[in-house]
Amino acid sequence: MKMRWGPLCQFLWLWSYLSYTQAVPIQKVQDDTKTLIKTIITRINDISHTQFVSSKQKVTGLDFIPGLHPGLSLSQMDQTLAIYQQILTSLPSQNVVQISNDLENLQDLLHLLATFRSCPPSQTNEVETLESLNGVLEASLYSTEVVALSRLQESLQDMLKQLDLNPGC
Amino acid sequence: MIYQKFYVVLLHCEFLYLITAFNMAYPISTWRFKLFCVPPNITDDYFLLSAGISKNTSNLSGDYEAVAETKFNSSDTYISNLPKVTFHCCFESEQDVNCSVHADNIEEKTAVSTENSFIFQQLGANWNIQCWMKGDMELFICYVEPLFKNPFKNYDLKVHLLYVLSDVIDLPLTPQKDSFQTVQCNCSVQEYCDCHVPVTTVKLNYTLLMYLKITSGGVIFQSPLMSVQPINAVKPHPPSGLHMEITDHGNLRISWCSPTLAPFPLQYQVKYSENSTVRREVDEVVSDTSLLVDTVLPGSSYEVQVRAKKLDGPGIWSDWSTPHVFTTPDVIYFPPKILTSVGSNVSFHCIYKNENKTVSSEKIVWWMNLAEKIPQRQCNVISDHVSRVTLSNLKATKPRGKFTYDAVYCCNEHECHHRYAELYVIDVNINISCETDGYLTKMTCRWSANTIQSLVGSSLQLRYHRSSLYCSDRPSVQTISEPKDCHLQKDGFYECIFQPIFLLSGYTMWIRINHTLGSLDSPPTCVLPDSVVKPLPPSSVKAEITVNIGLLKISWEKPVFPENNLQFQIRYGLNGKEIQWKVHEVYDAKSKSASVPVPDLCAVYAAQVRCKRLDGLGYWSNWSNPAYTVVMDVKVPVRGPEFWRLINGDITKKEKNITLLWKPLKKNDSLCSVSRYVVKHCTTHNGTWSEDVGNGTKFTFLWTEQAHTVSVVAINSIGASFANSNLTFSWPMSKVNIVQSLSAYPLNSSCVILSWMLSPSDYHLMYLIVEWKNLNEDDEIKWLRIPSNVKKYYIHDHFIPIEKYQFSLYPIFMEGMGKPMIINGFTQDNNEKQQNDAGLYVIVPIIISSCVLLLGTLLISHQRMKKLFWEDVPNPKNCSWAQGLNFQKPETFEHLFTKHSGSVTFVPLLLEPESISEDISVDTSWKNKDEMVPATMVSLLLTTPDLEKGSICLSDQCNSANFSEAECTEVTCEDQSQRQPSVKYATLVSSNSKSSETDDDELGLIHSSVSKCFSSKNSPLRESFSNSSWEVETQALFLLSDQHPDMISPHLSFSGLDELLELEGNFPAENHSEKSVYYLGITSIKKRESDVFLTNESGVLCPFPAHCLLTDIRVLQDSCSHFVENHFSLETSGKKTFVSYMPQFQTCSTQSHKLMENKMCDLTV
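Residues numbered from 1 in each chain as written. Chains lettered and ligands numbered in written order. Predicted model: local features only at pLDDT ≥ 70, side-chain atom pairs only at ≥ 80, totals over all residues. Heavy atoms only, no water.

**A closer look at the pairing of strand E40 (residues 518-521) of chain B**
All names here are of chain B. So the rule is basically this: DSSP bridges decide pairing: two strands pair if at least two such bridges lie between them. Numbering of helices and strands runs from the N terminus, with a helix taken as a DSSP run of H or I at least four residues long and a strand as a DSSP run of E at least two residues long.
As paired elements, strand E39 (residues 507-515) and E40 share 4 bridges and run antiparallel to each other. Along E40, the bridge assignment pairs His515 with Gly518. In this antiparallel pair of consecutive strands, E39 and E40, the connection spans 2 residues.

**Focus: the pairing of strand E20 (residues 301-310) of chain B**
All names here are of chain B. Stated formally: Remark: exposure states derive from per-residue accessible area (1.4 Å probe, protein chains only) relative to the maximum for the residue type, with buried under 20%, exposed over 50%, and partly exposed in between.
The buried fraction of E20 amounts to 8 of the 10 residues, a majority that puts the element mostly inside the structure. Two elements, strand E17 (residues 266-275) and E20, share 10 bridges in a ladder whose sense is antiparallel. Residue pairing across strands places Gln269 opposite Arg307, the latter belonging to E20. Strand direction decides the pairing type here: E20 and strand E21 (residues 324-327), joined by 4 bridges, are antiparallel. Looking across to E21, one finds that Val304 is bridged to His324.

**A word on the interface of chain B and chain A**
Here is the rule: Any two residues whose heavy atoms approach within 4.5 Å are treated as being in contact. The quantity reported as buried area is the accessible area (1.4 Å probe) lost by two parts once they are put together, taken as the sum for both. One side-chain nitrogen of Lys or Arg within 4 Å of one carboxyl oxygen of Asp or Glu is enough to make a salt bridge.
Facing 22 residues of chain B, the contacting portion of chain A comprises 23 residues. When chain B packs against chain A, close to 2,000 Å² is buried across both sides, 58% of that on carbon and sulfur atoms. By the criterion of area lost to chain A, the three top residues of chain B are Leu469, Tyr470 and Glu563 of chain B, representing 32% of everything that side buries. Between Glu104 of chain A and Arg466 of chain B there is a salt bridge whose closest N-O contact spans 3.4 Å.

**So, the packing of aromatic side chains**
All names here are of chain B. Convention followed: Ring pairs are drawn from Phe, Tyr and Trp, using the six-membered ring of Trp, whenever the two centres fall within 6.5 Å, and their geometry is named by plane angle: stacked under 30 degrees, edge-to-face over 60, tilted for the rest. Only lysine NZ and arginine CZ atoms are considered, and such an atom sits over a ring when it is within 6 Å of the ring centre and within 35 degrees of the ring normal.
By the definition in use, this model includes 24 aromatic pairs over all chains. Aromatic side chains Trp703 and Trp731 sit 5.0 Å apart centroid to centroid with 20° between the ring planes, which places their arrangement in the stacked category. Taken together, the residues Trp703 in strand E53 (residues 698-703) and Trp731 in the loop between strand E55 (726-730) and strand E56 (739-748) connect sequence positions 28 residues apart. With relative accessibility at 4%, the residue Trp703 sits in the buried group. Each member of the aromatic cluster is reached from another via a ring pair, and the members are Phe403, Tyr405, Tyr409, Tyr420 and Tyr424. Directly above the ring of Phe498 sits Lys484, whose terminal nitrogen or CZ lies 4.7 Å from the centroid.

**Quick look at the nonpolar core**
To be explicit about the condition: In this text, buried Ala, Val, Leu, Ile, Met, Phe, Trp, Tyr and Cys residues form a nonpolar core when linked through side-chain atoms within 4.5 Å.
Of all hydrophobic cores here, the largest spans 77 residues; its most connected members are Leu156 of chain A together with Leu462 and Met509 of chain B. Not counting the four nearest positions on each side in its chain, Leu462 of chain B is found in contact with Ile432, Trp447, Glu482, Pro483, Lys484, Cys486, Cys496, Phe498, Met509, Trp510 and Ile511 of chain B. In this structure, Cys89, Phe91, Val282 and Ala308 of chain B belong to the second largest nonpolar core, which totals 64 residues.

**Describing the state of the cysteines**
The bond known as a disulfide is covalent and runs between the sulfur atoms of two cysteines. All names here are of chain B. Basically, it comes down to this: Throughout, a disulfide means two cysteine sulfur atoms within 2.5 Å of one another.
Applying the stated criterion to the full structure yields 10 disulfides over all chains. Bridging Cys411 to Cys416, the disulfide has an S-S length of 1.8 Å. Taking the sign of the S-S torsion, 100° for the link of Cys411 and Cys416, the bridge is right-handed. Paired through a disulfide, Cys602 and Cys672 show a sulfur-sulfur distance of 2.0 Å. Note on the Cys602 and Cys672 pair: the S-S dihedral is about -85°, so by sign convention the disulfide is left-handed. Taken together, the residues Cys602 in the loop between strand E46 (593-597) and strand E47 (605-613) and Cys672 in the loop between helix H4 (667-670) and strand E51 (676-683) connect sequence positions 70 residues apart. Of the two residues, Cys602 and Cys672, both sit in the buried class.

The structure is reproduced here in structure tokens:
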């Protein structure tokens, strides 16, 4: 019974996307994706306390924050963004609220790109809740924010390059 | 046997009592029941009966079996000796009878007096009991009312309620006595009691165990135990807010408000009656708070009541609400009011009752605003009495005064009821415009509610729905939406701010208009924040004029956001108060600067830049802060300065000092400044050399050689000018003359046209130099360089027309400077001539017309004089002065020859007392003052209408040595107004000084003027007089016109004076002995025949030999000279006395002058 509902749900999900954004060409989606990635990178640059963080110094204890993994596929990008969004949503800083919204839009764009390429829907909802996040946030909020934004910026720059290389599903 | 049975039953009951006393209580399932207590002898049977019933009931309920008893309290002190009487009390409700066992263990026995006991034994005791939970959920009330009346009237009734409120629903054991709380019930005079048990809301589900203890007439009754859950005995408040209305579908809606504080759903019972033609009553139970009644009829009244009760489980009906009456109108519209939007379709229904009779729908017609009948095709018949009209594609309602709706009338053919339906059509096309800020974090949406201001009482709300990505092609109002707070701005717009935003999410927005008549939604619009970005203006804007290139270069830095490609717009202009902007577009997203050509490289330019997305989405940013250029040297000077020379010293010498003059270069030529000037020399012998002049504009050097070429070079920070003019000073070339003519024409005081003619030459003419200067002042020489091909030139300068200027034109050849042509211009004569020429066209006709008028006057006066003299004056032959004969009418002569009281200045007249003619006046004037001059005044009558102007001619005595013995008349003239030579006449009057003194003050002024005038100019006259004899006759008549055609004023112009002087100067040569002097009266142009003769026209009588010299010029020239040629002989010697003389009246000959035909020449010689 469960096997029957799965394809149906996938079909409905695809149909809802296609019906709503039918008129949007793929090129525009790609351009918007890149532009949005650049926008997020610039936003992170504009946050003052992230500008002077040394990239040479490695911060330990924050392994739950995704690192740089070149050659990500669309689904992996989506997974990575979902984790970052979960982290940013937990941060109390006002600086990251808009970035969190942008990440949500970016995820939707990646979903749409995946749809255009007939990729199966990603399992974003199944991202495990970061149990250790709250504890770390209480103890080291600044470190978490700085490291998360820095790594996010690196990841986005990598995604930007990857999008030009026509990434797989 | 009976007793045995009784005891058996009693034992059985005791057994049951023992069982039920612990856990059996009477459950109150109904809110109204009865407590009855009977004596034992009655009770036995009844008890048995009741017990049997109870069993049956218990069986039905399966819960309990109750036996109750009431016992006398033997322990009561005052009735302790009474026999023990047991009362059995039972509950009886509508459904059953329950006699529960009383808990002996918790209550003492009831004691009663013997007497009362007897009464109870006889009658028994019954009470009605009502128990319910009050609607406010705070009080449990039991109402106890005795059914037996009078027996206890004399006794106090005391009721106590003892209760236990426990949260245990099923009590395993009967609570102990101590756990019961007692409340005393309030008993009123009407013999009923209220018992209030406070129950909080949270304890509504608790179990309330209680029993009543009633003391009446000394007897204490105790009810069985009762158990109840308060929530099951709630009696709500009656519903409120009863309302009736006719629905949009023509039904009668009865609605009400549910009682507050009810913690459970309610059911309602509606009772209404319709009172129309047929009365009808309906009773319905509903769970909703409204009830629809079909078939509502117009002109009917409805009375409605509602009550409430707990919907589920046991409960108690509330009281009925207060009745509410609603009367339907005679015309029922449904819906009575419609609120809709523009372009929609609506329908109205109508039932019309007219005179107790419902109108057939076939006869119903519809009207709009009582002004326009709605077409019948829009009307439908729904039923026999219901008509419908459909209005489609509605337009917005135009407010008419305070009426903001359209009135829709349902009419019975030609008769309309005053009631109408209201139609509100609102234009809900509200435009929502959004703008995302330059940081891409905030989207501000604005909308105006001007279109719906007419709908009073409405509220507006922006609602939106956000999609995950992008907008749909056809945005629609979503069921799931969120409101957004918007704030009214000063400009009348509402402003809503979304922050933070989802850049690529579509925000579908619309305005919801809420009104009591309904709500309307404006057409939704979808906005993508990313597509309505208004970027920040470009930063770091700089403007400069590029060196050596000479372009205005504007550079900038693009804003951080958005990341999309941008286009730029530059506007630039000369800096000033009102900058005339020019716009330059830059479509290259990567460019950071742009260069534009500008006409003036040495001016300060202001430049601003703005940007917008290259794909056209969004808005232009604001203009950046202006950037200004700095004036600095851009290129080498375009050319060297134009220069000219001044030659100092003797021209004939071979060595001359040459001073070069030049004007500082303007910015456009110097680009943009000159640091210094350098003069370059070139001679045959010395070669070339340069001299630095610095910032000066003059340079002097010595010209010694045959040819000396100089040029002036301008130098700035970039370099030296390349194009420099040369000037060669050459002796041979200075004699080359190619300028044939040169003339200057002044156009006005600021412009002179200079034209010239050049002859061909073999030399190469480079340019011309025009030089001019004011000869009357020591102004500097001004000069201009003119191209060689120009034939005339407009010189703009401040010229004074009355000054003389010298204009010089120098041809400048390649080989040297040629011979100039020099002229003088702007003479005064030329200017004056032009003015005179202009005035000539006006003056000449006036003079001619004046002459004609004068001649006419002369003719008339001549005739009158002739008539007068010939009639009034005796024959002169018989009237000799010398002989001392009297005239026949001497008084007549007094008008002509005034006898002066004063003595003669020089020589007394021989006939002094009878002097007849001493002064001769030739005068015409239209001044009233002059008209008042008596005719007898023979002294100088010279009327000058405008003495202040100084234009006078008069005579006065002359006391020069030449005239030492004679009073002479001197002629003088002042004309201070040459522009208006309005001298009308000249007069020569010989006057005795005495006579002059008799004149008024005006005459005194004349004297002063005379003296003034003659102080310097009378010498020629005197000379002429000295050289001439008194026999000289001079005719003088000046006729000039005044500005007023009807007036002739005595003036004498300079020209007239000059002419006069010339004439007099010629006396000795021309008419030494032949000239006659004529005294001519000048009459006015106006005809005044009625006036006195001598006041209007002056008869001229002159004692000529004595002291008068008269001149007459222009008009009458030597006309009557022959008349007088032999009539007097003057002695030139001043020592001679006056020759008594009598005027002779003679007629002029026809040969004298044509104009003098038929006229007498009134002369006195």
